[in-house]
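# Understanding the architecture of this molecule
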Amino acid sequence: MRWLRDPLVVFLGVGALMFLAASHFSEEEISYVVELDEEDVQRISDKWATQMRRSPTEQELSELVADFVRDEIYYREAQRLSLNVNDSIVRARMIQKLTFLTEDIATGVSLSDDALRQYYSENEKDYEVPQRFSFSHRYFSTDKRTDPQRDAMKAIVSGEKGDLFLAGHDYFEQTQVQIRKVFGEDFAIQLTRFSPKQEFQGPIESAYGWHIVRLESLTESFTPQFESVANRVLIDAKHAMRNSANQVYYDTLMTKYQVKHPSLTR
């Protein structure tokens, strides 16, 4: 009976069972033609752009379309085998497809330059470039020193190099978010109180110990002109339209349904 455990035998056996099962189902309603129009391709492109915050290249779009075709073929074959019956994954996929149909209505509407500028004006804060800091620091470890704060203070005058900091000693154009990820909240806040100077300042405390800092430059936050972020605005505006279309469609459907559940009220 050892041959039953052979992977090749198991594979062939499963394949035979799938073939026999498929022969019991009608294929007349499931087409062997996978046809995509421009709207399908645009939807694929828009979905990718929403996730990546930029439009796909021609090569990337070609690969995305190829992936879509492969998935569609697999889905149809699964239908022939009735693998879609009482399957939560297939259910989720069907819900997703209905959502895409709703989104097609929204993405099919062309957005004028005036409409995009209005969207930009109403959401300017989303495009704000945050304040950025360029600095170097010297680190004095709490684990290696008895009084790292005192040693850091002395190093401003003595020029002592301090201890090794594994995340590096020089930082360029870092935002508050990036600084917090490395040094912690307190360090990031204290750094905002410094003015750019050639001398070391501090000391200030981080999650790891004490530091003296040379703040080399400070770039204030600003909101870029519409023209420089127009592509991003277009992607964001289309995303907002899709969300709005889905909500309107769902609200319309809810007028036809009754939801009966003790914890739900309408």
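Summarised in this report is the structure supplied together with it. (Residues numbered from 1 in each chain as written. Predicted model: local features only at pLDDT ≥ 70, side-chain atom pairs only at ≥ 80, totals over all residues. Heavy atoms only, no water.)

## Quick look at the sheet that holds strand β2 (residues 170-175)
Taking strand neighbours across the sheet as the criterion, the four strands line up as β2-β1-β4-β3 in an open arrangement whose pairing is antiparallel. Two strands lie at the open edges of the sheet, namely β2 and β3 (201-205), each paired on one side alone. Pairs of neighbouring strands in the sheet enclose a mean axial angle of 40°, with direction left out of account. In this sheet, strand β4 (residues 209-219) lies alongside strand β1 (residues 132-141) in antiparallel orientation, the contact comprising 10 bridges. Bridging from a neighbouring strand, R138 pairs with I212 of β4. Along the sheet, helix α6 (residues 148-158) makes contact with β1, β3 and β4, crossing β3 at roughly 165°. Set on the sheet, helix α7 (residues 176-183) makes contact with β1, β2 and β4; between it and β2 the angle comes to about 130°. (Pairing = 2+ DSSP bridges. Helix = DSSP H or I, 4+ residues; strand = E, 2+ residues; numbered from the N terminus. Axes fitted to C-alpha atoms, helices over the stretch in contact; angles between N-to-C directions. Contact = heavy atoms within 4.5 Å.)

## Some points on the pattern of salt bridges
In the structure shown here, the tally under the stated rule is 18 salt bridges. Members of the salt-bridge network, linked through shared partners, are R145, R150, D151, E160 and D163. (Salt bridge = Lys/Arg side-chain N within 4 Å of Asp/Glu carboxyl O.)

## Some words on the nonpolar core
Membership of the largest hydrophobic core comes to 14 residues, with the highest contact counts inside it found for F135, I179, F183, F187, L191 and V213. Counting residues per element, the ones that place at least two in this core are β1, α7, α8 (185-191) and β4. Of all hydrophobic cores here, the second largest spans eight residues; its members include L116, Y119, F226 and A237. (Core = buried A, V, L, I, M, F, W, Y, C linked by side-chain atoms within 4.5 Å. Buried < 20%, exposed > 50% of the residue type's maximum accessible area, 1.4 Å probe, protein only.)

## Let's talk about the environment of N231
Relative to the elements of secondary structure, N231 occurs in helix α9 (residues 230-254). For N231, a relative accessible area of 63% corresponds to the exposed category. For the pair N231 and S55, spaced 176 residues apart in sequence, the C-alpha separation works out to 8.5 Å.

## Comments concerning a nonpolar patch on the surface
A contiguous nonpolar surface patch, about 270 Å² in accessible area, is contributed by L98, L101 and Y249. On the secondary structure map, Y249 appears in helix α9. (Patch = residues over 30% accessible without salt bridge, like charges linked within 9 Å, V, L, I, M, F, W, Y side chains within 5 Å. Areas by Shrake-Rupley, 256 points an atom, 1.4 Å probe, with all protein chains shown as cover.)

## Quick notes on the packing of helix α2 (residues 38-52) against helix α3 (residues 58-80)
Contact pair α2 / α3: the axes reach a minimum separation of 10 Å and the direction vectors enclose 110°. Here α2 lies roughly perpendicular to α3, going by the angle between them. Crossing of α2 over α3 shows right-handed handedness. Contact residues: V41, R43, I44, S45 and W48 in α2; E60, L61, L64, V65 and F68 in α3. A per-class count over the contact of α2 with α3 returns seven nonpolar, one polar and two charged. (Parallel < 35°, antiparallel > 145°, perpendicular 65-115°, else oblique. Left-handed = near helix turned anticlockwise from the far one by under 90°. Nonpolar A, V, L, I, M, F, W, Y, C, P; charged D, E, K, R; others polar.)

## Thoughts on α2
With 15 residues, α2 ought to run about 21 Å at 1.5 Å a step, and its terminal C-alpha atoms sit 21 Å apart, in line with that. Looking only at α2, the buried set comprises D40, R43, I44, S45, D46, W48 and A49. Capping the start of α2 is the job of one residue whose side-chain oxygen sits 3.1 Å from the backbone nitrogen of E39: D37. Taken from the residues just after α2, R53 is the one with a positive phi, measuring 65°. (Expected span 1.5 Å × (residues − 1). Polar contact = N/O pair within 3.5 Å; in protein donor to acceptor, adjacent residues only side chain to side chain.)

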